Amino acid sequence: MIERHVNFVVIPEKSQEFEDFFKAQYRPAMMKSAGFVSVELIQEMEQPAIYQMMIRFENLEQAAAWRNSEPHKTLAAILKSFYTSSDVTVYKFVS
């Protein structure tokens, strides 16, 4: 299993829209992907503009298939309107 941590610096006045978009559109679409395990969105307490999306897939290939899918491409374009920067770290489970 792999886990991707995607960190976002969200535009403060768009925080609620970002959260609503994640719940109503992004997460439901991802859940339909082969190999999907889970996705969670957390928000930093001291810096509320910083969010982290933790995404789990069974393997790298299935995660890549989601990222290359048409639903993801469409949703990613909308997602980008909510944040100023993002970065990704990918982890593998060792036990």
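Placed above this text is the structure.
For clarity, every value in this text was computed on a predicted model and none was experimentally measured. (Residues numbered from 1 in each chain as written. Predicted model: local features only at pLDDT ≥ 70, side-chain atom pairs only at ≥ 80, totals over all residues. Heavy atoms only, no water.)

(A) Representation of the overall build of the protein within the structure. Within the protein one finds 3 helices and 4 strands. Seen in sequence order, the protein has helices and strands lined up from the N terminus as β-α-β-β-α-α-β. Relative to its length of 95 residues, the protein is compact, with a C-alpha radius of gyration of 13 Å against a globular reference of 12 Å. Taking the principal axes of the C-alpha coordinates as reference, the protein spans close to 35 × 30 × 20 Å. The proportion of buried residues among the 95 residues of the protein is 37%. A fraction of 70% describes how many contacts in the protein between residues 6 or more apart in sequence connect residues 24 or more apart. Carbon and sulfur atoms provide 54% of the accessible area of the protein, an area that totals close to 5,900 Å². Once the 10 positive and 12 negative side-chain charges of the protein are each reduced to a mean point, those two points are 7 Å apart. (Helix = DSSP H or I, 4+ residues; strand = E, 2+ residues; numbered from the N terminus. Rg over C-alpha atoms; globule rule 2.2 N^0.38 Å. Buried < 20%, exposed > 50% of the residue type's maximum accessible area, 1.4 Å probe, protein only. Contact = heavy atoms within 4.5 Å. Areas by Shrake-Rupley, 256 points an atom, 1.4 Å probe, with all protein chains shown as cover. Lys, Arg positive; Asp, Glu negative; His and termini not counted. Charge placed at Lys NZ, Arg CZ, Asp CG, Glu CD.)

(B) Looking closely at the packing of aromatic side chains. Across all of its chains, the model carries 8 aromatic pairs by this definition. Judged by centre distance (6.3 Å) and plane angle (70°), the rings of Phe18 and Phe82 are edge-to-face. A residue pair is termed long-range when its members are at least 10 positions apart, and Phe18 in helix α1 (residues 15-31) and Phe82 in the loop between α3 (70-79) and β4 (83-92) qualify at 64 residues. Since its relative accessible area comes to 6%, Phe82 is described here as buried. Among the aromatic residues, ring-to-ring pairing joins Phe8, Phe18, Phe21, Tyr26, Tyr51, Trp66, Phe82 and Tyr83 into one connected group. (Phe/Tyr/Trp six-rings, centres within 6.5 Å; stacked < 30°, edge-to-face > 60°.)

(C) Inspection of the nonpolar core at higher detail. One finds Phe8, Tyr26, Met30, Met53, Phe57 and Leu79 to be the most contacted residues of the largest nonpolar core, which totals 22 residues. Those elements giving two or more residues to this core turn out to be β1 (2-10), α1, β2 (36-43), β3 (50-57), α2 (60-68) and α3. Per element, the largest residue contribution to this core is 6 residues, and it comes from α1. Each residue touching Phe57, except ones within four places of it in the same chain, is listed here: Met1, Ile2, Met30, Ser33, Ala34, Gly35, Phe36, Val37, Gln62, Ala63 and Trp66. (Core = buried A, V, L, I, M, F, W, Y, C linked by side-chain atoms within 4.5 Å.)

(D) A look at the sheet that holds β4. Strand order in this open sheet of 4 strands is β2-β3-β1-β4, and the pairing throughout is antiparallel. Each end of this open sheet is capped by a strand with a single partner; those strands are β2 and β4. The sheet shows a mean angle of 15° between the axes of neighbouring strands, taken without regard to direction. The pairing of β2 with β3 spans 7 bridges and is classified as antiparallel. Within the sheet, the bridge partner assigned to Leu41 lies in β3 and is Met53. (Pairing = 2+ DSSP bridges. Axes fitted to C-alpha atoms, helices over the stretch in contact; angles between N-to-C directions.)

(E) Representation of the side chain of His5. With respect to the helices, strands and loops of the structure, His5 is situated in strand β1. The exposure class of His5 is buried, given its relative accessible area of 14%. Here the side chain of His5 touches Glu3 through a polar contact of 2.4 Å, side chain to side chain. In this view, His5 contacts Gln52, Met53, Met54, Asp87, Val88, Thr89 and Tyr91; residues no more than four positions away in its chain are not counted. (Polar contact = N/O pair within 3.5 Å; in protein donor to acceptor, adjacent residues only side chain to side chain.)

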